[in-house]
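# Notes for the structure review
Next come the chains, spelled out residue by residue.
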There are 2 protein chains.
Amino acid sequence: MTDNIIALATGSSGAIGVIRLSGPDVIAICNEYFKEKNLLEQKSHTIHFGHIYDGNKMIDEVLISIFIAPNSYTKENSIEISCHGSDFIQQKVINLFIAKGLRIANPGEFTMRAFLNGRMDLSQAEAVADLIASSTKSQHEIALNQMRGGFTSILKTLRDQLIEFASLIELENDFSEEDVEFANRKKLTELVNKILEQIQTLLDSFRYGNAIKEGVPVAIVGKPNVGKSTLLNVLLNEEKAIVSDIPGTTRDVIEDTIQIDGLLFRFIDTAGIRDTQDHIESIGVQKSKDQILSAKIVVYMDEIEEDFEAIETRYKELGIRDEKDSIILLNKIDSFHECHAYDVEEALSTKLNRMPVLAISAKEKLHIDRLKKTLVKLIKDEHPSENAFIVSNLRHTEALEKAKESLQSVLNGLEQNISSDLVAIDIRHALHHLGSISGEITTEDLLGSIFGRFCIGK
Amino acid sequence: MTDNIIALATGSSGAIGVIRLSGPDVIAICNEYFKEKNLLEQKSHTIHFGHIYDGNKMIDEVLISIFIAPNSYTKENSIEISCHGSDFIQQKVINLFIAKGLRIANPGEFTMRAFLNGRMDLSQAEAVADLIASSTKSQHEIALNQMRGGFTSILKTLRDQLIEFASLIELENDFSEEDVEFANRKKLTELVNKILEQIQTLLDSFRYGNAIKEGVPVAIVGKPNVGKSTLLNVLLNEEKAIVSDIPGTTRDVIEDTIQIDGLLFRFIDTAGIRDTQDHIESIGVQKSKDQILSAKIVVYMDEIEEDFEAIETRYKELGIRDEKDSIILLNKIDSFHECHAYDVEEALSTKLNRMPVLAISAKEKLHIDRLKKTLVKLIKDEHPSENAFIVSNLRHTEALEKAKESLQSVLNGLEQNISSDLVAIDIRHALHHLGSISGEITTEDLLGSIFGRFCIGK
């Protein structure tokens, strides 16, 4: 890749705009438009105040930042032009460089070059896009962790050991007439088991990682008129007030995501669930039940009453699977004796194996904080141990799943003492899938699909 | 002004975001969050790669640009932090600095500090906001010219000479008992006349400058169904295609502005004009007539017909003032003999003192280019000579008008030989108004109203 690329790296309507250039000739080309100094004589990581000229016509007062290869993000010569935040000026400056043969960068092309030039591995490059998209504390943490190397560093060590075995086994194949055994089967089995264990831990973390990245799906279910919409509005309104001091957040589009304590919760709209004879309506109810299945947390909402066993019966009728995290909300305590409310809570929770039961009033905004704390606790309890690595990328999970399959074939092959060339093939498959995570093995299609999801200018 | 300020300087949804800091302590404070190097030991205009930490928690991988006073935009110590374009990260970083006592900058506060610290005069500072807002070639040129010093440099020389006379006349006042004359009345009259001439040229340029800055108001008038909306759509659609490769232009909001050849035209919606007995409708017609008065260019649209004198009669019924730039459009030539069309054009134009008459077809998009060229020519013909200065700022025009009044009083006073203390007062008034343009004389209110119109971060 030897061509020179350019893109606007900042968003619109700012006070300043930054135009980014990368490629072997960008400093020389920029120098042609800059009169104050010879940019080719400047050191890396220096900033130069001056003007961009189109012939004799001044276009803008700018700051030029110079990065000389390999000390730049892309490891190529790079320039950043900081100009006034006018679309007209930015477009004009970009056009000047296009006239000199620069090309508008593809989405993610700066980061792709950083990857191809060895500045980062593929999973780190993917984390850059996650980092830019992060809008909550926990998304930010996961992306940052992955960008710093994440779990690929662990996998790399294990993978290197596996490569050694692969070579030894392939060596055996070359000597297949002589019945030698270079690779210690016992040690290989141990290694494969160790890798499988590591993979399983990572796969297990995806449930948490994906929930953090995409938002934790929460279904609020219950009969009509128990206060589901009121509750959702209370949660949304408080959220709106909290988010408003973060400029430019785009959560207006997805009306039902709520950030609590740095975690994103995605509330699933469920039609009121009740027995019905109406065919069309029963389809709606079925849909609600499907959404309960896809939710990570189910909030069952009912009206509080003295007869807690009646509530229990109605809850059980929903048939929510046991492994689901459930919360029971007893609404409308504003028209109930508060001291009694705690008794009902306690009795029902005891009956339901200490499931969280919370008496609230959505209308009067009473005890909403307890609900929030409980939601957060359910997710945080699932967080792997403090320093564990978390997989949040579907592509990584799929690669890990495939590597797991191949490694299980290796184990089976070893147990059944099948011929070493077949074992070697399975090991190669596992290596391939593990290598695809960090990008040691890639295809152009894969890179295209990964970096195509980036924004332009990164 | 000794406090430290911070603001996000770039727009939302970009690949990178730039956070700007200015004030005596910003380098030291930034150093507390940056572990890789001691930023206090770095040279001005250098860039440092590293990480922003909140305690032991890494927040982001960043580039830190250092500008040491007085070599910065504000002439204070300044830092620019280039981080990933996530709202969450940007807000987090800004909050870290707010925790150390920095304050979110007011709109335009960086530029206000640049002005107060002598980096630019007030009219130059105002041009920075115009530059950021510029969306056409001609707006960009005017803003850039003003930012480079514009007409204030000329005024400054004249003003300095006037100050000298003011001092001499005030000296006479001190010796009023002795009837001396230090100030040469003839030379003073000459100077005042010279300044008045200069001011008049600048005032004349405002008609052009304001049209460029706000968009040239164009009224398309004519009876209903002559094709006004079709024409507007044709103009708007072509424009949309042209603008689409400039990212983030916000012209969707103002649906009827059109950029032609680097000039912005603002089309005024006029209800069809016709005689009516209906009272309500006649109010609408009156409104249309008022809008014609406020337009700079009136495009009269009619259907083409052989009887050009009938068209002339209908046009004259509108009673458009002679000084207005008018264009007559003869629409629907698609259902007319084309060679005849030119005859009608020629005959009508001759009759109307060579007014531009253009035969077009809005529906078939025929000869729309001729209309565009004519619109542009009408504006460019009004452009003051090549290197003339153009006033585009209403505040400057008002100050010039007031200075003109005071100077005319000075002339009257000199003619009528009134006492020198009264002349001195008028000169002081003129000096005050001239000085207010470049900001030599300002009030806090004035600064507030000027910089309050800026975006935050500039």
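Residues numbered from 1 in each chain as written. Chains lettered and ligands numbered in written order. Predicted model: local features only at pLDDT ≥ 70, side-chain atom pairs only at ≥ 80, totals over all residues. Heavy atoms only, no water.

The partner chain A presents 55 residues to the 54 residues of chain B that form the contact. Among the residues of chain B in contact with chain A, Ile16, Ile47 and Phe88 of chain B are the three that bury the most area, contributing 14% of the side total. Linking chain B with chain A are four salt bridges. Linking chain B with chain A are twelve residue pairs in polar contact (both at pLDDT 80 or more), by the criterion used here. The dominant element in the side of chain B that touches chain A, judged by the number of residues it contributes, is strand β4 (residues 57–67) of chain B, at nine residues. In the side of chain B that touches chain A, the residues fall into 23 nonpolar, 19 polar and twelve charged. (Contact = heavy atoms within 4.5 Å. Buried area = accessible area lost by both parts, 1.4 Å probe. Salt bridge = Lys/Arg side-chain N within 4 Å of Asp/Glu carboxyl O. Polar contact = N/O pair within 3.5 Å; in protein donor to acceptor, adjacent residues only side chain to side chain. Helix = DSSP H or I, 4+ residues; strand = E, 2+ residues; numbered from the N terminus. Nonpolar A, V, L, I, M, F, W, Y, C, P; charged D, E, K, R; others polar.)

Residue and element names in this part refer to chain A. For the structure shown, the criterion picks out eight aromatic pairs over all chains. Between Phe451 and Phe454, the aromatic rings sit 5.3 Å apart at their centres with planes inclined by 35°, giving tilted as the arrangement. Judged by relative accessible area, which is 2%, Phe451 ranks as buried. You can call Phe454 buried: its relative accessible area is 7%. (Phe/Tyr/Trp six-rings, centres within 6.5 Å; stacked < 30°, edge-to-face > 60°. Buried < 20%, exposed > 50% of the residue type's maximum accessible area, 1.4 Å probe, protein only.)

Residues and elements named next belong to chain A. Extensive coverage of strand β4 (residues 57–67) is indicated by the burial of ten of its eleven residues. Across nine bridges, the pairing between strand β3 (residues 46–54) and β4 is antiparallel. When the bridges of β4 are listed, Phe49 appears paired with Leu63. The hairpin turn running from β3 into β4, its antiparallel successor, is two residues long, and Gly55 in that turn takes a positive phi close to 65°. By the bridge criterion, five bridges tie β4 to strand β5 (residues 78–84) in an arrangement that is antiparallel. The residue of β5 that forms the bridge with Ile64 is Ile81. (Pairing = 2+ DSSP bridges.)

This next bit is on the sheet that holds strand β12 (residues 357–359) of chain A. Residue and element names in this part refer to chain A. What the six strands build is an open sheet, ordered β8-β9-β7-β10-β11-β12; its pairing is mixed. Of all the strands in the sheet, the pair left with one neighbour each is β8 (257–260) and β12. Geometrically, the sheet is characterised by an average inter-axis angle of 25° between neighbouring strands, direction not taken into account. Sheet topology places strand β11 (residues 325–331) next to β12; three bridges connect them, and they run parallel. Note that in β12 the partner of Leu329 across the bridge is Leu358. (Axes fitted to C-alpha atoms, helices over the stretch in contact; angles between N-to-C directions.)

Turning next to the side chain of Asp302 of chain B. Residue and element names in this part refer to chain B. Within the secondary structure, Asp302 is located in strand β10 (residues 297–303). Judged by relative accessible area, which is 6%, Asp302 ranks as buried. Reaching out from Asp302, the side chain makes a polar contact with the side chain of Arg314 at a distance of 2.7 Å. Residues contacting Asp302, with those up to four places away along its chain left out, are Val226, Ile311, Arg314, Leu329, Leu330 and Asn331.

With an axial shift of 0.0 Å and an RMSD of 0.2 Å, the rotation relating chain B to chain A amounts to 180°. Those values place the two copies in the arrangement expected of a two-fold rotation axis. Most of the interface of chain B is mirrored in chain A: 100% of its interface residues are interface residues there too. (Least-squares fit on C-alpha atoms with pLDDT ≥ 70 in both.)

So, about the pattern of salt bridges. Counted under the stated rule, the structure contains 60 salt bridges over all chains. Lys351 of chain A is the salt-bridge partner of Glu312 of chain A, the closest N and O atoms lying 2.9 Å from each other. Highlighted residues: Glu312 of chain A in helix α10 (residues 308–317) and Lys351 of chain A in helix α11 (residues 338–351), separated in sequence by 39 residues. For Lys351 of chain A, a relative accessible area of 44% translates into the label partly exposed. Here Asp160 of chain B makes a salt bridge to Lys156 of chain B, at a shortest N to O gap of 3.4 Å. Here Lys156 of chain B and Asp160 of chain B lie together in helix α6 (residues 152–174), a separation of four residues that amounts to about one turn.

The subject of this paragraph is the nonpolar core. Residues Ile19, Leu21, Ile64, Ile79, Ile81 and Phe97 of chain A together with Phe451 of chain B are the most contacted members of the largest nonpolar core, which totals 52 residues. If one sorts the elements of this core by residue count, helix α4 (residues 122–133) of chain B sits on top with seven residues. Not counting the four nearest positions on each side in its chain, Leu21 of chain A is found in contact with Ile5, Ile6, Val26, Asn77, Ser78, Ile79, Ile81, Phe97, Leu102 and Phe110 of chain A. Among the nonpolar cores identified, the runner-up in size contains 50 residues, and Leu447 of chain A together with Ile79, Val93 and Leu102 of chain B belong to it. (Core = buried A, V, L, I, M, F, W, Y, C linked by side-chain atoms within 4.5 Å.)

Attention shifts here to the environment of Glu190 of chain A. All names here are of chain A. Looking at where Glu190 falls in the secondary structure, it is placed in helix α7 (residues 185–214). Relative accessible area serves as the criterion here: at 45%, Glu190 is assigned to the partly exposed category. Spatially, the C-alpha atoms of Glu190 and Leu411 are 9.7 Å apart, while their sequence positions differ by 221 residues.

To continue, consider the environment of Arg428 of chain A. Residue and element names in this part refer to chain A. Relative to the helices and strands, Arg428 is located in helix α14 (residues 420–438). Along the sequence, Arg428 and Ser406 sit 22 residues apart, while their C-alpha atoms lie 8.6 Å from each other. Excluding residues that lie within four positions of it along the chain, Arg428 makes contacts with Ala166, Ser167 and Glu170. Reaching out from Arg428, the side chain makes a polar contact with the side chain of Glu170 at a distance of 2.8 Å.

So, about the domain arrangement of chain A. Assigned domains of chain A: these are domain 1 (5–105), domain 2 (128–209 + 393–451) and domain 3 (215–380). For domain 1 of chain A and domain 2 of chain A, the distance between their C-alpha centres works out to 42 Å. (Domains from an automatic or database assignment.)

The next point concerns the packing of helix α6 (residues 152–174) of chain A against α14 of chain A. All names here are of chain A. At their nearest, the axes of α6 and α14 sit 9 Å apart, and the two run at 155° to each other. In this view, α6 runs roughly antiparallel relative to α14, as classed from their interaxial angle. You can see that α6 and α14 cross each other, and the crossing is left-handed. Between α6 and α14, the contacting residues are Thr152, Leu155, Arg159, Leu162, Ile163, Ala166, Ser167, Ile169, Glu170, Glu172 and Asn173 on the first element and Ser420, Asp421, Val423, Ala424, Ile427, Arg428, Ala430, Leu431, Leu434, Gly435, Ile437 and Ser438 on the second. Along the lines of polarity and charge, the residues of the contact of α6 with α14 split into twelve nonpolar, six polar and five charged. (Parallel < 35°, antiparallel > 145°, perpendicular 65-115°, else oblique. Left-handed = near helix turned anticlockwise from the far one by under 90°.)

Side chains on a regular strand alternate between the two faces of the sheet. Residues and elements named next belong to chain A. Of all the seven residues making up strand β2 (residues 16–22), seven are buried; the element is thus mostly covered by neighbouring parts of the structure. In this sheet, β2 lies alongside strand β1 (residues 5–8) in antiparallel orientation, the contact comprising four bridges. Within the sheet, the bridge partner assigned to Ile5 lies in β2 and is Ser22. For β2 and β5, the ladder comprises seven bridges, and the chain directions are antiparallel.

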